[in-house]
Amino acid sequence: MFLISRCFTHQLMTFSNAKMPPKIAVLGAGIIGVSSALAIQQICQKNVEVTIIAERFSPDTTSDVAAGLIEPFLAGSDVERVKEWTRLTIERIKEYMSEGNLGAEEKSGYWMQSVKEVPDWLKLMKNVKVLNESEVAAIRKRPGHNFGVFYTTWYLEPTRYIDYCTKKIMENGGKIIQRKIENIDELGNDFDVIVNCTGLGSRVLFNDETIRPCRGQIVRVSCPQVRHFFIDDDFYTLINDSCLILGGTKDLDQWELEVNSKTAQKIIEGNCQNIPSLRHAKILSHHIGLRPCRPTVRLEKEIKNNYPPIIHNYGHGGSGVTIHWGCALETAELVNKTIIERKSHL
Ligand SMILES: Cc1cc2nc3c(=O)[nH]c(=O)nc-3n(C[C@H](O)[C@H](O)[C@H](O)COP(=O)(O)OP(=O)(O)OC[C@H]3O[C@@H](n4cnc5c(N)ncnc54)[C@H](O)[C@@H]3O)c2cc1C
Ligand SMILES: NC(=O)CC(=O)C(=O)O
């Protein structure tokens, strides 16, 4: 009886609240959660009540650790979807830059490779140049640099951007609740749609063991004379407005959040070999993040008996900044379609 009444109550709640704007819970306040919340407000023309519920907020999310380089990395096997999400995100970044926001720029540099790779997503970049033998020889810094590509991409500093999105969400009437959700039963019948943007948290919250941590350690340094990024199989120097980000480890199934000093030293040494000027860099800070890696990004609607519809948007690996807006738009379209379908049944 309880289950039926609960299910009936939920339907009743929906029917009885037909005049109230649909209530949307967005679980997670990383770049995926806040961008999804904002896209939902925009696509549903603000005729929704969006509440972000999260355990941690910026600057204490994985998203805040990211350098925000725009290029797919550990994004799973849906390469065509990832490329389209990247394209839409690049358009978003251009708009964001045109508004005069800080923390986003075009940036050029080198990707030196031991095995030649010219992925399709390079077509989204500018000034792409596959290096010839003499150019490789001129740029090479270590024996593993057998091939190389020069290109221009963008960076989007997550912390600044999350703040930008959050301000807009609040201006649109959004709400924020700081809370760890142990079980979605806790949400009861309070919401009409649940949007899951909990990243690695989905492993427990939605019992998805296919999402696994890929631990990344970085060092933020100041070295203004370095103005190009430099990436190879083991190390990278990426650029933000007022610092460089030196990386980059990728250790699957490693949950350790303590900074490892030996790893930090290896990261610094390896990047100094690629860019000798870095020997004059000032060390600013050390950070760890656990990339939410999954075989594919999970972006889909789930219907569970006795629960509101759940729209999943998690598992972005090393590409959450790169694909955030494409994923946010697709999530918002799923929410809008769900609301319209519900209204048609009233
Ligand atoms: C070192 C490093 C460098 C990176 N560099 C880049 C880069 O240059 N470019 C790029 O595109 N990507 C990069 N990434 C990847 C990017 O950071 C991630 O893909 C992205 O942050 C994932 O965003 P998210 O919002 O899903 O996760 P998160 O930022 O982890 O946010 C998850 C949110 O869900 C909340 N949450 C989880 N479980 C619960 C629960 N049970 N109850 C309530 N709230 C919950 C958390 O509190 C948090 O608010 C990098 C990652 C690392 C680690
Ligand atoms: N997209 C990226 O470049 C990801 C990255 O730098 C990381 O460490 O993850």
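Just above, that's the structure.
The residue numbers shown here count from 1 along each chain, following its written sequence. The order in which chains are written sets their letters, starting at A; the order in which ligands are written sets their numbers, starting at 1. Residue-level local features of this predicted model are given only where pLDDT is at least 70; pairs of side-chain atoms are given and counted only at 80 or more, and the full residue set underlies all totals for whole chains, interfaces and linings. Each side-chain value is worked out from all heavy atoms of the structure, with water and hydrogens disregarded.

Student: Give a detailed account of the site of ligand 2, specifying residues and quantitative values.
Tutor: The cutoff for a nearby residue is simple: one of its non-hydrogen atoms must lie within 4 Å of the molecule or strand. Neighbouring ligand 2 are Leu 69, Glu 71, Phe 73, Tyr 236, Leu 238, Arg 291 and Gly 318. In this structure, Tyr 236 approaches ligand 2 through a side-chain N or O atom, which is 2.6 Å from an oxygen atom. Counted as a polar contact is a pair of N or O atoms within 3.5 Å, where, for protein atoms, one must be capable of donating a hydrogen and the other of accepting one, and residues adjacent in sequence contribute only when both atoms are in side chains. A distance of 3.0 Å is found between a nitrogen atom of ligand 2 and a backbone nitrogen or oxygen belonging to Gly 318. Computed on the free molecule, ligand 2 has an accessible area of 270 Å², of which 85% lies beneath the protein chains in the complex. With residues, only the protein chains shown are counted as cover, and all accessible areas are computed by Shrake-Rupley using a 1.4 Å probe.

Student: Talk me through the nonpolar core; I want residue IDs and the actual numbers.
Tutor: Core analysis: the largest hydrophobic core is formed by 55 residues, its most contacted members being Ile 24, Val 26, Ile 40, Tyr 151, Val 195 and Val 335. No other element matches the eight residues that helix H2 (residues 31-43) contributes to this core. What makes two residues a contact is simply this: any of their non-hydrogen atoms within 4.5 Å. The residues touching Ile 40, leaving out its near neighbours within four places in the chain, are Ile 24, Val 26, Val 48, Val 50, Val 195, Ala 332 and Val 335. Working definition of a nonpolar core: buried Ala, Val, Leu, Ile, Met, Phe, Trp, Tyr and Cys residues. They are joined through side-chain atoms within 4.5 Å. Note on classification: 1.4 Å probe, protein chains only; a residue is buried when its accessible area is under 20% of the maximum for its type, exposed when over 50%, partly exposed between these limits. The way it works is that DSSP assigns letters per residue, a run of H or I at least four long becomes a helix, a run of E at least two long becomes a strand, and they are numbered from the N terminus.

Student: Break down the packing of helix H3 (residues 79-98) against helix H8 (residues 320-344) for me, citing the residues and quoting the values.
Tutor: One can describe the packing of H3 onto H8 by two numbers: an axis separation of 6 Å at closest approach and a directional angle of 95°. As the angle between them shows, H3 and H8 are arranged roughly perpendicular. In this structure, H3 uses Arg 81, Val 82, Trp 85, Thr 86, Leu 88, Thr 89 and Arg 92 to contact H8, whose residues at the interface are Val 321, Thr 322, Ile 323, His 324, Trp 325, Gly 326, Cys 327 and Glu 330. Gly falls in the polar group here, along with every residue not listed as nonpolar (Ala, Val, Leu, Ile, Met, Phe, Trp, Tyr, Cys, Pro) or charged (Asp, Glu, Lys, Arg). Its residues assigned to classes, the contact of H3 with H8 shows seven nonpolar, five polar and three charged. Every axis in this analysis is a line fitted to C-alpha atoms, fitted for helices over the stretch in contact. Angles between the N-to-C directions lie between 0 and 180 degrees. When an angle is under 35 degrees it counts as roughly parallel; over 145 it counts as roughly antiparallel; between 65 and 115 it counts as roughly perpendicular; any other value is oblique.

Student: Describe in detail the site of ligand 1, supporting the description with residues and values.
Tutor: For ligand 1, the set of nearby residues contains 37 residues, the closest of which are Arg 56, Ser 63, Leu 69, Gly 317 and Thr 322. In this structure, an oxygen atom belonging to ligand 1 sits 2.6 Å away from a side-chain N or O atom of Ser 63. Gly 68 has a polar backbone atom sitting 3.2 Å from an oxygen atom of ligand 1. The fraction of the free accessible surface of ligand 1 (1000 Å²) that becomes covered by protein chains is 96%. Listed by contribution, the elements that provide at least two residues to the shell around ligand 1 are H2, strand S8 (212-222), strand S13 (282-293) and H8. Grouping the amino acids of the shell around ligand 1 by side-chain chemistry returns 15 nonpolar, 17 polar and five charged. Marked domain ranges trace back to an automatic or database domain assignment. There are two domains that each give the shell around ligand 1 at least three residues, and those are domain 1 (1-103 + 157-211 + 294-346) and domain 2 (118-153 + 213-293).

Student: Quick rundown of H2? Include the residues and the values.
Tutor: Every helix has an expected span of 1.5 Å times one less than the residues it contains. Between its first and last C-alpha, H2 extends 18 Å over 13 residues, near the 18 Å set by a 1.5 Å rise per residue. Along H2, twelve of the 13 residues are buried, which leaves the element largely enclosed by surrounding structure. One or two steps after H2, the chain reaches Gln 45, where phi turns positive at roughly 50°.

Student: Outline the pattern of salt bridges, supporting the account with residue identities and numerical values.
Tutor: Counted as salt bridges are all cases of a side-chain nitrogen of Lys or Arg within 4 Å of a carboxyl oxygen of Asp or Glu. If you walk through the whole model with that rule in mind, you get 23 salt bridges. Between Arg 142 and Asp 232 there is a salt bridge, with the nearest N and O atoms lying 3.2 Å from each other. Of the two residues, Arg 142 is situated in the loop between helix H4 (133-139) and strand S5 (147-156) and Asp 232 in the loop between strand S9 (229-231) and strand S10 (236-239); the sequence distance between them amounts to 90 residues. Since its relative accessible area comes to 15%, Arg 142 is described here as buried. Between Glu 341 and Lys 301 there is a salt bridge; the shortest N-O distance is 3.2 Å. With Glu 341 in helix H8 and Lys 301 in strand S14 (residues 298-302), this pair connects stretches of sequence that are 40 residues apart.

Student: Which residues make up the packing of aromatic side chains, and what values go with them?
Tutor: Note on aromatic pairs: the rings of Phe, Tyr and Trp (six-membered ring only in Trp) are paired at centre separations within 6.5 Å, and the planes decide the class, stacked below 30 degrees, edge-to-face beyond 60, tilted for the rest. All told, the structure shown has seven aromatic pairs when counted by the stated rule. An aromatic cluster of at least three residues, connected via ring pairs, comprises Trp 111, Trp 121, Tyr 151 and Phe 229. Above the face of the Trp 325 ring, Arg 92 is positioned so that its terminal group lies 3.7 Å from the ring centre. Positioned over the ring face of Tyr 307 is Lys 304, at 5.2 Å from the centre of the ring. For a Lys NZ or an Arg CZ to count as sitting over a ring, it must be within 6 Å of the ring centre and within 35 degrees of the ring normal.

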